[in-house]
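Structural description and commentary
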Amino acid sequence: MSTEDQRAPRSLAAALRGRDDASLAALLRARPDLVTPVPTDLTQLATRAGTRASVVRALERLDRFALQSAEALAVAGDPATYDELLGLMAGDARDPAVAGALPGALAALREQALVWGDEGSLRLVRTARELLAPSAQHPSPTGLGPSVREATAGMSPGRIQELVATAGLPSTHDSVSAVGALTALFTHRRKMAALLAKAPADSLDVLKRLMWGPPYGQVTADPAARLRWLLDRGLLLPTAPGTVVLPREVALHLREGRAHRTAEPVPPTVEALVVHRPQVVDATAAGQAYTALTTVEELLKDWHEGGPSVLRAGGLSVRDLKRTAVALDVSEPMAAFWVELTYAAGLLASDGEADERYAATPEYDDWLERPPADRWAQLAQAWLAATRTSGVVGGRDLKERALSALGPGLDRSAAPEVRHRVLTLLAGLPEGAAPDAAAVLARLRWERPLRGPQGQQNPQGQQNPQNPQGTQGSHASHASHVSLGDDDLRSRLARWTLMEAELLGVTGRGALSSHGRALIGARPAPKPAAATTADAAAAPTGPGDKLPAHHRPATAGPSAAPLSPPEQAVATAAAARLLTPLLPEPLDHVLLQADLTAVAPGPLRRPLADVLGVLADVESKGGATVYRFTPGSVRRALDAGRSASDLHAFLAEHSRTPVPQPLAYLIDDVARRHGHLRVGAASAYVRCDDDALLNEILADKRAAALRLRRLAPTVLAAQADPATLLEGLRAMGFAPAAESAEGDVLITRAHAHRTPPRTAPEPVPDGPPVPDTTLLTAAIRAIRAGDLAATAPRKPTDDAAPLAPGELPRTSSAETLATMQAAVLTGEALWIGYVNAEGTASQRVIAPVRVEGGFVTAYDHTADEVRTYPLHRITGVAELAED
């Protein structure tokens, strides 16, 4: 055996054993499912890395070129050489771009423990080969079919000899050598070209239609001459009655050695479509950020006295979502987004009562007292980390149940990663640059092809060789059979991210703002060489100019993975600091107009906004908010305990214009009539000092539903409750006031309904969490310690059978005690099996120091420390070989 053969690993476990700690840490960080729980040794780590669930997860996280490399290895020999892999990826022409990128893709596959072996014997993990290799049930993503050896496995020896003879090869003595001769012919470029040069033109057309896949076709019992020529020479091989396949070797010759029609070694470039001035982007984003704050406040103000009821299955009903959309003046999908965002930020929850309803949480009151930038930062951070996805509201789950806002089933664990990645791509562009959304989606599909729609496409669209106009039936789709779940979800998440980031003010005019860049921990963007648009702060959004060709996205940038909680807290605080000077200062005044309206030229301070919200109705929103005074709104302020003089003084203090006479008259007129009628509980009664007014009420036909009758000249009794009586009289144009049992006027203020203290919903992680450095260090130490014990050489014994890898030694209690005592005297190290109190078995190498009282004290070589073990938990003991 050569020295090179001796150095080559013979298994994945041996390959992992040759890695250093940094390489093992990279593996466990990339595939965190391997470290939960911590493997006992490297053999168990290799076994776990080869399980189907773990391999599928690892394949889903490969970029397109790395996945193409793995697919090529799946159709190559086992093992394959690097040159063979290079030929499958770069073709006979050896595409220099592919050749330059292949070492990096192979290194990524090695780091993920999907490939092991040196360049002379590359091996794809068996489970990955089974997932990616072509078969009749699961066509390969490469479009290749089975090899000649696989396709002729069930063929009779006589038929194989006929194929060899018709192909012009000498006959052989057995089928194995005949198949080998046919394979050698199909893989020999010159001889294969000579054979195809003799083929009829229409036969070559059949091969060309099949060469990029699907490789299967249907034939009749009496094939046409063009097909018969191919069948007689093994260029098409039967796989089942009426079905033929193009052998892999023939397809590769026709493809000039390439496993894929188009190798994609370089990711699609995300270029800027439009460039705005950074100041315009920041101003636009800040304005939208403030709008986001007011929208959340309006939502919870609308639910101030208790929001909609919770459905029995959880969530909002369709009717309540529509009503909320009308109240916020947005579409229903947008209403679902704001509701879910408020819930994710911990400002909204269910109250848990018997008649369960949604309401603001106590956190909302604290949130209102914070500066606007800090309030926005809380919303933005919650959005960035949330796995609940409002975009799926209105869809159906796997059991065909409707998905409702605030209901179950909205978590999509990939959402935080996609949001962070989309914003990272935007951060790689120059400041003020807005990307083409299609380019962003194409980049994401390249980075995670098995989670994008590309995995479900058949770009070749090949035809049936017997029926050139028809599509191949059951084999028409050779989509990757590794991809699981909703394959288009990642693209939809990206589109939703671009839209939601604009709504929330993380981006402005499609470009990442400065505070949005800080939110994801990105460093400042590259500066454009010159302004390419003449945006003005007050100008409307325009199409902008195209980005010059020399402006390319920066390749370096923030990590694609979301930040850790401490890092995100720092980044969020930095974003709030950048946003603070961009937000408008709240105003302490309005402009009163003669048409009974008030114009707020900007955001109002909270006390002013609260009082004005009671005294007037919002008529329109925008850069300036228009309030309208009506008899009903003035009466609402009087019901809240304000007097006419209070309202006059309030308006005079906060108006930059004189109080218009019509408004003063309106207030005085409503105040003069307010409380003239008094309503209390009898069931209910109405009393008034003016008996003529009571006569007017009794004579009004609209009062029939209240069933009023006179008890005294100044008192009417009703068979309706006080609230209904109040509403009925107000609908008739009167201004009654409610009174208490003592005869005092009741002040009616909105009752703020709050839930008990609630925590924000926890995001659902996308698989096991990535282990931190401390855990990785401890895990690697434990794995190496267990591997040392598992691979320590033992002395051979005559009376004991050799142990299988990972099997614990088994000896009687007397033998264990005697061996331990002898080792104390000689100072030798022993190999033991040990089961701890939790029932976990492990192997250890120890040097016993003392044995007494049913315990052995020893230096544990695997843990590198002195430990004490109960003898009854030691399964057995064996002596180590002297070497």
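Keep in mind the model is a prediction, meaning the values are calculated, not measured.

Let's shift gears to the overall build of the chain. A count of helical and extended segments in the chain gives 34 helices and 25 strands. Considering the chain as a whole, with its 883 residues, one finds that 49% of them fall into the buried category.

The subject of this paragraph is the nonpolar core. Within the largest apolar cluster, 94 residues are counted, with the highest numbers of intra-cluster contacts made by Leu 59, Phe 186, Leu 235 and Leu 236. Broken down by element, the residue count for this core peaks at 8 residues, all from helix α6 (residues 64-75). Excluding residues that lie within four positions of it along the chain, Leu 235 makes contacts with Phe 186, Met 192, Leu 195, Leu 196, Leu 207, Trp 229, Leu 230, Val 245, Leu 246, Pro 247 and Val 250. Judged by nonpolar contacts, the second largest core, of 75 residues, contains Val 310, Met 334, Ala 373 and Leu 384.

What follows covers the pattern of salt bridges. With the rule as written, the count across this model stands at 28 salt bridges. With its nearest N and O atoms 2.9 Å apart, the salt bridge here joins Asp 397 to Arg 401. Taken together, the shared-partner salt bridges in this structure form one network comprising Arg 61, Glu 417 and Arg 448.

Where helix α17 (residues 278-302) meets helix α19 (residues 332-344), the axes come as close as 10 Å, and the angle between the chain directions of the two elements is 85°. The angle between the axes of α17 and α19 places the two elements in the roughly perpendicular class. From α17, Ala 292, Thr 295, Val 296, Leu 299 and Leu 300 reach across to α19, where they touch Trp 338, Val 339 and Thr 342. Considered class by class, the residues forming the contact of α17 with α19 number 6 nonpolar, 2 polar and no charged.

A word on the sheet that holds strand β21 (residues 830-835). The strand order across the open sheet formed by 5 strands is β24-β23-β22-β21-β25, and the pairing between neighbours is antiparallel. With partners counted over all chains shown, the strands left at the sheet margins are β24 (865-870) and β25 (874-879), one partner each. Taken pair by pair, the neighbouring strands of this sheet meet at an average axis angle of 45°, ignoring direction. Pairing of strand β23 (residues 855-860) with β24 involves 6 bridges; the strand directions are antiparallel. In the strand pairing of β24, Phe 855 is matched with Pro 870. Along the sheet face, helix α34 (residues 813-826) touches β21, β22 (841-852), β23 and β25 and points at about 60° away from the line of β22.

On average, residues of the chain score 82 in pLDDT, and 85% of them reach the 70 mark or higher. Contacts of residues 1-6 to residues separated by more than four positions or lying in other chains number 3 contacts, the stretch itself having pLDDT below 50.

With respect to the helices and strands, the residue Ala 427 is situated in helix α22 (residues 415-427). Using a relative accessible area of 7% as the deciding quantity, one classes Ala 427 as buried. Sequence separation of Ala 427 and Ala 522 is 95 residues, and the distance between their C-alpha atoms is 6.7 Å.

Quick look at the packing of aromatic side chains now. On inspection of all chains with the given rule, the structure shows 4 aromatic pairs. Geometry around Trp 367 places Arg 375 over its ring, the cationic atom sitting 5.2 Å from the centre.

Here the amide bond leading from Thr 36 into Pro 37 is cis, since omega sits at -10°, within 30 degrees of zero. Counting through the fold element by element, Pro 37 comes out in the loop between α3 (21-30) and α4 (42-49). Look at Glu 256: it is not a glycine, yet its phi comes out positive at around 60°. Here Glu 256 shows up in the loop between α16 (248-254) and β6 (272-275). Taking relative accessible area as the criterion, Glu 256 reaches 49% and is therefore assigned partly exposed. The backbone of Glu 400 shows a phi angle near 65°, a positive value even though the residue is not glycine.

Within the secondary structure layout, Thr 324 lies in helix α18 (residues 318-328). A relative accessible area of 1% places Thr 324 in the buried class. A polar atom in the side chain of Thr 324 sits 2.8 Å from the backbone oxygen of Asp 320. With near-sequence residues (within four places) excluded, Thr 324 lies in contact with Leu 299, Trp 303 and Val 339.

Next up on the list: the packing of helix α28 (residues 631-639) against helix α30 (residues 661-673). At their nearest, the axes of α28 and α30 sit 10 Å apart, and the two run at 60° to each other. Judged on the interaxial angle alone, α30 and α28 are oblique. In this structure, the crossing between α28 and α30 has a hand that is right-handed. Across the interface between the two elements, Pro 631, Val 634, Arg 635 and Leu 638 from α28 touch Leu 666, Ile 667, Val 670 and Ala 671 from α30.

Cut-off values and rules
- Residues numbered from 1 in each chain as written.
- Predicted model: local features only at pLDDT ≥ 70, side-chain atom pairs only at ≥ 80, totals over all residues.
- Heavy atoms only, no water.
- Helix = DSSP H or I, 4+ residues; strand = E, 2+ residues; numbered from the N terminus.
- Buried < 20%, exposed > 50% of the residue type's maximum accessible area, 1.4 Å probe, protein only.
- Core = buried A, V, L, I, M, F, W, Y, C linked by side-chain atoms within 4.5 Å.
- Contact = heavy atoms within 4.5 Å.
- Salt bridge = Lys/Arg side-chain N within 4 Å of Asp/Glu carboxyl O.
- Axes fitted to C-alpha atoms, helices over the stretch in contact; angles between N-to-C directions.
- Parallel < 35°, antiparallel > 145°, perpendicular 65-115°, else oblique.
- Nonpolar A, V, L, I, M, F, W, Y, C, P; charged D, E, K, R; others polar.
- Pairing = 2+ DSSP bridges.
- pLDDT = per-residue confidence, 0-100.
- Phe/Tyr/Trp six-rings, centres within 6.5 Å; stacked < 30°, edge-to-face > 60°.
- Lys NZ or Arg CZ within 6 Å of the ring centre and 35° of its normal.
- Polar contact = N/O pair within 3.5 Å; in protein donor to acceptor, adjacent residues only side chain to side chain.
- Left-handed = near helix turned anticlockwise from the far one by under 90°.

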